[in-house]
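Chain by chain, the residues:
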Amino acid sequence: MFTVTSLWIPFTIVAALGQVARNAMQRSLTKPLGTWGATNIRFLFGFPFSLLFLGLVLVATGDRLGVPPSMFWPWLLLGALSQIIGTGLMLLAMNDRSFVVTTAYLKTEAIQTAIFGFVFLGDHLTWLKVLAIVIATVGVVITALRPGGEKSFAELKPTITGLVAAAAFALSAVGFRGAIINVHGVTFVTAASFTLVLGLFVQTLILTVYLLWRAPKVLQSILGLWKPSLLAGFTGAFASQFWFLAFALTAAANVRTLALIEVLFAQGVAYYSFKQPIAARELAGIALIIVGVAVLVGT
């Protein structure tokens, strides 16, 4: 039986599954639209669905939205802008020869989220939860590494790029949680949905203006591919809705640590769909992820 406060667990699992599906859809649109064009789909086509979600929530709850307090806006902007910056740095890592090592550093997001959440929001984490975060993160790093990749750990560029990108994503999670908990007088579902709408609006505005300035033809291509983009936008908004619901109920670090099970989903797809064997190193990493997640959920 789930209590309201423990609903963040199924919310996070649903969000992680939705994110895997969204990433697959975005990946198929990267070639015709380019990296930033495919990235903008999650915001541009996700925004209308977030409005629909908010409308349904308001009808179901009977909540009435007012003007959020002044402290809401800095948190919202921190979340929206940090997510864009993190995405840009991640894409930069994709083009780097040390991509695998940089990806491993990206997985330190959960640990950094715990630090930022404690510093900025006062999110309390027990020592057991901190231990769970560390164990699961180590498991993901081990799973992400490939033979010979450890030789690049001494290189400065992948280290800085990966850690800064992870920090940006961590700040994004903390920023969005900070915004959600500053929406008062409504249910947590309404607070999460309202924050998602405004966050996607800011991100859509920024990236659309950027594309109009630097690559107006990409926007034309996006509109030409509106059918697959619409599905990707819906999937992205659906996943984000559940991320935000989870952020409304617990510390961002808990959510981002449990979200590491996305690695297990990806490994399962690779094994069952593509018949890719799982190495002993990957099995060890998966075991650590499972242990870390079990400790997190059980405490």
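Computed from a predicted structure; not experimentally measured. (Residues numbered from 1 in each chain as written. Predicted model: local features only at pLDDT ≥ 70, side-chain atom pairs only at ≥ 80, totals over all residues. Heavy atoms only, no water.)

1. Focus: the packing of aromatic side chains
Here is step 1 of the chain: Going through the model one piece at a time under the given rule, you end up with twelve aromatic pairs.
Here is step 2 of the chain: These aromatic residues form a ring-pair network of at least three members: Phe-11, Phe-49, Phe-53, Phe-234, Phe-238 and Phe-242.
Here is step 3 of the chain: Over the aromatic face of Trp-213 sits the side chain of Arg-214, whose NZ or CZ is 5.2 Å from the ring centroid.
Here is step 4 of the chain: It is Arg-256 that lies over the ring of Trp-243; its NZ or CZ is 4.7 Å from the centre. (Phe/Tyr/Trp six-rings, centres within 6.5 Å; stacked < 30°, edge-to-face > 60°. Lys NZ or Arg CZ within 6 Å of the ring centre and 35° of its normal.)

2. Some remarks on the packing of helix α8 (residues 188-214) against helix α10 (residues 226-249)
Here is step 1 of the chain: Axis separation between α8 and α10 bottoms out at 9 Å; the angle between their running directions is 130°. It follows from the interaxial angle that α8 and α10 lie oblique. Relative to α10, the crossing made by α8 is right-handed. Where α8 abuts α10, its residues Phe-188, Val-189, Ala-192, Ser-193, Thr-195 and Leu-196 lie against Ala-237, Ser-240, Gln-241, Phe-244, Leu-245, Ala-248 and Leu-249.
Here is step 2 of the chain: Residue classes in the contact of α8 with α10 are distributed as nine nonpolar, four polar and no charged. (Axes fitted to C-alpha atoms, helices over the stretch in contact; angles between N-to-C directions. Helix = DSSP H or I, 4+ residues; strand = E, 2+ residues; numbered from the N terminus. Parallel < 35°, antiparallel > 145°, perpendicular 65-115°, else oblique. Left-handed = near helix turned anticlockwise from the far one by under 90°. Contact = heavy atoms within 4.5 Å. Nonpolar A, V, L, I, M, F, W, Y, C, P; charged D, E, K, R; others polar.)

3. A closer look at the confidence of the model for the protein chain
Here is step 1 of the chain: With 84% of its residues at a pLDDT of at least 70, the protein chain reaches an overall mean of 84.
Here is step 2 of the chain: Of all helices and strands in the protein chain, the one with the weakest mean pLDDT is helix α4 (residues 99-106) (62), whereas helix α2 (residues 46-61) scores best (96). (pLDDT = per-residue confidence, 0-100.)

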